[in-house]
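In case you want the letters, here they are:
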Amino acid sequence: MRTLILITVSLVLGICTTIAQTTETSSSKSSSQFSITYDSDAPNKKYYRSFTVLDMDNDYRIKVRFMKYLKSDVKSYLIDQFGKENMIVKDDIYLWNKEVDEEEMYEVRLKGNKLRINLNKDLASDKLIKRFIEIGKELKSITSNSEKS
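First things first, this report covers the structure right here in the doc. Since this is a predicted model, take the numbers as computed values, not measurements.

**A closer look at the packing of helix H2 (residues 71–82) against helix H3 (residues 126–143)**
Right, on to step 1. Interaxial distance between H2 and H3 falls to 10 Å at its minimum, and their mutual angle equals 160°. Relative to H3, H2 is oriented roughly antiparallel. For the element pair H2 and H3, the recorded crossing hand is right-handed. Of the residues in H3, those in contact with Asp-73, Val-74, Tyr-77, Leu-78, Gln-81 and Phe-82 of H2 are Arg-131, Phe-132, Glu-134, Ile-135, Glu-138, Leu-139, Ile-142 and Thr-143.

So this is what it looks like as C-alpha cells:
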C-alpha cells in the first residue's frame, strides 16, 4: 500500500512540475512510463514491471523491466520479430542490431529480465518506425501478465 501511495504522490508531483515549467525547447519529446508493484497476502508472491517509452525527434527507445518468469515469452516474441539468424547470444545477453553506412539503425538487447530497444529514426523508414511502435505495444501486453498461464 505504501508503494502505491508513493507512486501516486510521485506522479502528481511530476505532473505539477511539468505543468509549472514555462520554458520552450526546440525539440519535441514525448514519453510515457508505466510501473506497477503488487504485494499479495503470500509472503513470496510479488509482481512488478516497469515500462518506459521515449519517442524523441531522432530516437525511439523502449526500456522494460519485468518478472523473470516472463523472459521466455519476451525472448520468443523477439525471435519471431527479428529472427534467430540475426541474433547474437553471449553470456545470457540476446542482441539484435542493424547498421546502415556504419551507423546503428537499431539495437535490441535482452539481458536477464531487462529489455532495451533503441531505434535511430533518422536512419529508419516510416514503416520500420511504425513496426517498432507496434512491437512496443505487444511487449507491454506480454509483460503485463501477473500470473503465469
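**Some words on the side chain of Asn-113**
Right, on to step 1. Counting through the fold element by element, Asn-113 comes out in the loop between strand S6 (103–111) and strand S7 (114–120).
Right, on to step 2. Here the side chain of Asn-113 touches Tyr-48 through a polar contact of 2.9 Å, side chain to side chain.
Right, on to step 3. For Asn-113, the side chain forms a polar contact with the main-chain oxygen of Phe-66, separated by 2.7 Å.

**Details of the environment of Arg-61**
Right, on to step 1. Mapped onto the elements, Arg-61 comes out in strand S3 (residues 59–65).
Right, on to step 2. Sequence separation between Arg-61 and Asn-120 is 59 residues; the distance between their C-alpha atoms is 8.9 Å.
Right, on to step 3. Those residues in contact with Arg-61, other than ones at most four positions away along the chain, are Thr-52, Val-53, Leu-54, Met-56, Ile-117 and Asn-118.

**Let's talk about H2**
Right, on to step 1. Compared with an ideal rise of 1.5 Å per residue, which puts 12 residues at 16 Å, H2 spans 16 Å between its outermost C-alpha atoms and is within 8% of the ideal.
Right, on to step 2. Considered for burial, the residues of H2 that qualify are Lys-71, Val-74, Tyr-77, Leu-78, Ile-79 and Phe-82.
Right, on to step 3. Close packing links the buried residues of H2 with strand S4 (87–90), strand S5 (93–100), S6, S7 and H3.
Right, on to step 4. Just downstream of H2 lies Gly-83, where phi reads positive at about 85°.

**Brief notes about the packing of aromatic side chains**
Right, on to step 1. In total, this model carries four aromatic pairs according to the counting rule given.
Right, on to step 2. Between Phe-82 and Tyr-106 the ring centres are 5.6 Å apart and the planes differ by 40°, which places this aromatic pair in the tilted class. You can see Phe-82 sitting in helix H2 and its partner Tyr-106 sitting in strand S6, a full 24 residues away along the chain.
Right, on to step 3. With a relative accessible area of 5%, Phe-82 lands in the buried category.
Right, on to step 4. Summarising the aromatic geometry, the rings of Phe-82 and Phe-132 are spaced 5.7 Å apart at their centres and angled 50° between planes, so their arrangement reads as tilted. Of this pair, Phe-82 sits in helix H2 while Phe-132 sits in helix H3, placing them 50 residues apart in sequence.
Right, on to step 5. Following the ring pairs from residue to residue traces out a cluster consisting of Phe-82, Trp-96, Tyr-106 and Phe-132.

Rules used in this analysis
Residues numbered from 1 in each chain as written. Predicted model: local features only at pLDDT ≥ 70, side-chain atom pairs only at ≥ 80, totals over all residues. Heavy atoms only, no water. Axes fitted to C-alpha atoms, helices over the stretch in contact; angles between N-to-C directions. Helix = DSSP H or I, 4+ residues; strand = E, 2+ residues; numbered from the N terminus. Parallel < 35°, antiparallel > 145°, perpendicular 65-115°, else oblique. Left-handed = near helix turned anticlockwise from the far one by under 90°. Contact = heavy atoms within 4.5 Å. Polar contact = N/O pair within 3.5 Å; in protein donor to acceptor, adjacent residues only side chain to side chain. Expected span 1.5 Å × (residues − 1). Buried < 20%, exposed > 50% of the residue type's maximum accessible area, 1.4 Å probe, protein only. Phe/Tyr/Trp six-rings, centres within 6.5 Å; stacked < 30°, edge-to-face > 60°.

Nothing here speaks to function; it is geometry throughout.
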